Amino acid sequence: MNVHRPIALTGAGLLALLVLAASVGPLLLPFTHTDQDLRNVLAAPSGAHPLGTARLGEDMLALCLRGLQKSLVIGLLAAVLTTALSALVGTVAGYLGGVADRVLMMVVDVLLVLPPILAVAVLSPALRGSSWLVLVLLIATFQWMVTSRVVRARARSLRVAGYVVAAENTGASTTRIVTRHLLPQMVPLLAIDCTLNVASAVLAEAGLSYFGFGVQPPDVSLGTLVATGTGSALTFPWVFLAPVGFLTATVLAAAMLGEGLRDDA
Amino acid sequence: MTTLGAGRRRGAALSASAVRAVGRLLARLAARLGVCLAAVLLTYTLAALSFDPLAELRTTQPPTPQSVIDARATALGLDLPVLPRFGQWLAGAVTGDFGTTADGHDIAGEVSARAGTSIRLFLPGGVLAVLFGCGFGIWGALRAGSAADKLSMATALLLLAIPVFVLGTVLKLLWLPVNEAAGTDLLPFSGERTPGSDLAGWAALGDRLRHLVLPTIAIALPQIAFYSRYQRAAMLEVRDSEFLRAARGRGLRRGRAVRRHGLRMALIPMAPLVAFSFGLHLAGGVFTERIFGWHGLGDWLVTAIERQDANVVATATLLMAVLVVMVGWLADLALLLLDPRTRT
């Protein structure tokens, strides 16, 4: 991992900027995301409202920053969970081999056929009114498969490594070998995948919210903002383009960081 | 005589390997169908757990008698556990009877229209995506490090960061001024064809093609970006390989060496990639169908989830899974043709 590559640095800088904007930005604005400026409804960008206003006169910038907050929190949490789950499944399957491996990989195969976004969408009617944390859990549940395959391949090759065999011979338990000897070896790989998973998780959340299956009103995320904006994209483009800009920047930043780290990992 | 005998033996060996290849293809097909069935079972189970088709009856005013609710539950098969219910549905589905929608319509009637729409939308976009994706990837790898390569890689990264549901609307937004300047819908935004028009023959085909342009771009662009990145990496590996250097050493010019020896090797990893990623692209296409008003499988699925209609969800998922299996199987076939090592 070389964090000094320009693409990785740009991605990290952009991501840091977005996190800063989402956490500090709302405090600096004269409006909250629910304040209604009813004399300026669906107004084009101006000095008072740099990104224009929405249907009820809400400031677009305030809305976007609030949505960015939610999207980032969901994306980061889901990515960490996804990576943890895939690390666990991948190492166990790769290290144990045999029946455990075959069963786990069969689960992976079946889940891979089912696109995560559709699986979560099908479950969404049962989730009406539950917290967004459930959404995080579900995104992670249906998104860990690809990384787990990569981890499994690495674990399989490490199974015969000298230090693993040595640990086995000293009588170390499977749990100890997996947690103390295999997982630490995977940290660089996992860090990269976690970064890339942030991008996928942010996209998954946005896609689900776009269909109304994700974050529920009155909560806003970048996905719900894009969804509301799509209807008036051709007449009041800023309502659509403002959240799109933030969403694309977030995904791009995470992807750039991940790619930059990956190329020479 | 000896040469004839040798020829015959060679022919026999070839046909034996052909038989093995066909056997392998059939085995792969069976495995893919098995996975596809498991995925449909999983979706059906998730839908059965999550949907509550009786919610509306329970909240009516005046209240619906319990006997009516029970009768409706029995009619929908809700008194059975999930597995037998899925078994019943599957037994019907195999014979072409996909059950009824939540409001009592026959599902089978809509299957071919929905599947047809999705195929008409995905086939051109998917084929273009594979062609252009591989093309750009190879083109970039052969001038790796140049400004053009860097630009195309940056564009691909940006395209992958734009969600599918944004891309469609952005395309509309970009094209709107052209349609306005022309005073007519040069490239229409919605549907498969102009509704209520009595065009026939070439005019009808032209009308369909004009409706197809923008959605096809929306479907193809992200896939082109996705495939080109992998193809570039695969071609880079081949470019620096020993066998290509050997071919150059034999006196082949670079272009000819790449075409005759490199291309095939660089394309081999793309076949499984296409098979593996097609499901994800199909899921992305759900948004495209919605945005451009194509009533295909994805649109059907989303509507069914909104209406909490388990039978339709299962049917749409099954058809999408079958599409994924078919594409995967084509990829198996392509791999067999590309890579002689898989034939032995």
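Rules behind the numbers
- Residues numbered from 1 in each chain as written.
- Chains lettered and ligands numbered in written order.
- Predicted model: local features only at pLDDT ≥ 70, side-chain atom pairs only at ≥ 80, totals over all residues.
- Helix = DSSP H or I, 4+ residues; strand = E, 2+ residues; numbered from the N terminus.
- Buried ≥ 20, exposed ≤ 12 C-beta atoms within 10 Å, placed from the backbone.
- Contact = placed C-beta atoms within 7 Å.
- Rg over C-alpha atoms; globule rule 2.2 N^0.38 Å.
- pLDDT = per-residue confidence, 0-100.
- Nonpolar A, V, L, I, M, F, W, Y, C, P; charged D, E, K, R; others polar.
- Axes fitted to C-alpha atoms, helices over the stretch in contact; angles between N-to-C directions.
- Parallel < 35°, antiparallel > 145°, perpendicular 65-115°, else oblique.
- Left-handed = near helix turned anticlockwise from the far one by under 90°.
- UniProt positions renumbered as here; feature names shortened; annotations may be inferred.
- Expected span 1.5 Å × (residues − 1).
- Core = buried A, V, L, I, M, F, W, Y, C linked by C-beta atoms within 7 Å.

### Observations regarding the overall build of chain A
Inference 1: When helices and strands are tallied, chain A shows 10 helices and zero strands.
Inference 2: Each helix and strand of chain A, placed in order from N terminus to C terminus, yields the pattern α-α-α-α-α-α-α-α-α-α.
Inference 3: Counting over 265 residues, chain A shows a buried share of 49%.
Inference 4: Expressed as a percentage of contacts within chain A between residues at least 6 apart in sequence, the contacts between residues at least 24 apart total 71%.

### Things to note about the overall build of chain B
Inference 1: For chain B, the helix and strand inventory stands at 13 helices and zero strands.
Inference 2: The N-to-C order of helical and strand elements in chain B reads α-α-α-α-α-α-α-α-α-α-α-α-α.
Inference 3: Expected size for 344 residues packed as a compact globule is a radius of gyration near 20 Å; at 25 Å, chain B overshoots this value by more than 25%.
Inference 4: In terms of overall dimensions, chain B has C-alpha extents of about 90 × 65 × 40 Å along its principal axes.

### Quick notes on the confidence of the model for chain B
Fine structural detail should not be taken from predicted coordinates in areas where pLDDT scores are low.
Residues and elements named next belong to chain B.
Inference 1: With 95% of its residues at a pLDDT of 70 or more, chain B has an overall mean of 81.
Inference 2: pLDDT under 50 marks residues 1–7. Its contacts with residues more than four places away, or in other chains, come to zero contacts.
Inference 3: Overall fold confidence for the complex sits at a pTM of 0.81, while the interface term, ipTM, reaches 0.77.

### Side note on the interface of chain A and chain B
Inference 1: Contacts between chain A and chain B engage 33 residues on the former and 33 residues on the latter.
Inference 2: For the side of chain A that touches chain B, the elements supplying multiple residues, two or more each, are helix 3 (98–113), helix 4 (116–127), helix 8 (174–210), helix 9 (222–231) and helix 10 (237–262) of chain A.
Inference 3: By residue number, the principal contributor to the side of chain A that touches chain B is helix 10 of chain A, which donates 10 residues.
Inference 4: Considered class by class, the residues forming the side of chain A that touches chain B number 27 nonpolar, four polar and two charged.

### Some remarks on the packing of helix 8 of chain A against helix 9 of chain A
Residues and elements named next belong to chain A.
Inference 1: At a minimum axis separation of 7 Å, helix 8 and helix 9 run at an interaxial angle of 40°. Relative to helix 9, helix 8 is oriented oblique. The two elements helix 8 and helix 9 meet at a crossing, and its hand is right-handed. Touching Glu 205, Ala 206, Gly 207, Leu 208, Ser 209 and Tyr 210 of helix 8 are Leu 222, Gly 223, Thr 224, Val 226 and Ala 227, all from helix 9.

### Let's talk about the UniProt feature "transmembrane region" (unreviewed entry) in chain B
Residues and elements named next belong to chain B.
Inference 1: Using the residue numbers shown here, the UniProt feature "transmembrane region" (unreviewed entry) corresponds to residues 29–51, 121–142, 154–175, 212–230, 266–292 and 312–338.
Inference 2: Structurally, residues 266–292 comprises 89% helix and 0% strand, and the distance from its first C-alpha atom to its last is 35 Å.
Inference 3: As a span, residues 312–338 carries 100% helix and 0% strand, and end to end its C-alpha atoms are 39 Å apart.

### Overview of the UniProt feature "transmembrane region" (unreviewed entry) in chain A
All names here are of chain A.
Inference 1: Those places that UniProt annotates as "transmembrane region" (unreviewed entry) correspond, in this numbering, to residues 72–96, 103–123, 129–146 and 233–257.
Inference 2: The span residues 72–96 is 100% helical and 0% strand by assignment, and the distance between its end C-alpha atoms comes to 36 Å.
Inference 3: As a span, residues 103–123 carries 90% helix and 0% strand, and end to end its C-alpha atoms are 24 Å apart.

### Here's the deal with the confidence of the model for chain A
Inference 1: Counting all residues, the mean pLDDT for chain A is 80, and 88% of those residues have values of 70 or more.
Inference 2: The least confident element of chain A is helix 4 of chain A, whose mean pLDDT is 79; the most confident is helix 2 (residues 60–96) of chain A, at 87.

### Quick word on helix 4 of chain A
All names here are of chain A.
Inference 1: Between its first and last C-alpha, helix 4 extends 16 Å over 12 residues, near the 16 Å set by a 1.5 Å rise per residue.
Inference 2: Within helix 4, nine of the 12 residues are buried, leaving the element largely enclosed by the surrounding structure.
Inference 3: Burial in helix 4 covers these residues: Pro 116, Ile 117, Leu 118, Ala 119, Val 120, Ala 121, Val 122, Leu 123 and Ser 124.
Inference 4: Gly 129 lies just past helix 4 and shows a positive phi near 85°.

### Quick notes on the nonpolar core
Inference 1: By size, the foremost hydrophobic cluster in this structure holds 161 residues, and its most contacted members are Val 120, Ile 139 and Val 226 of chain A together with Leu 301 and Val 313 of chain B.
Inference 2: Per-element tally for this core: the top contributor is helix 2 of chain A, with 17 residues.
Inference 3: When residues no more than four places from it in sequence are discounted, the contact partners of Ile 139 of chain A are Ala 78, Pro 116, Val 120, Ala 201, Ala 204 and Glu 205 of chain A.

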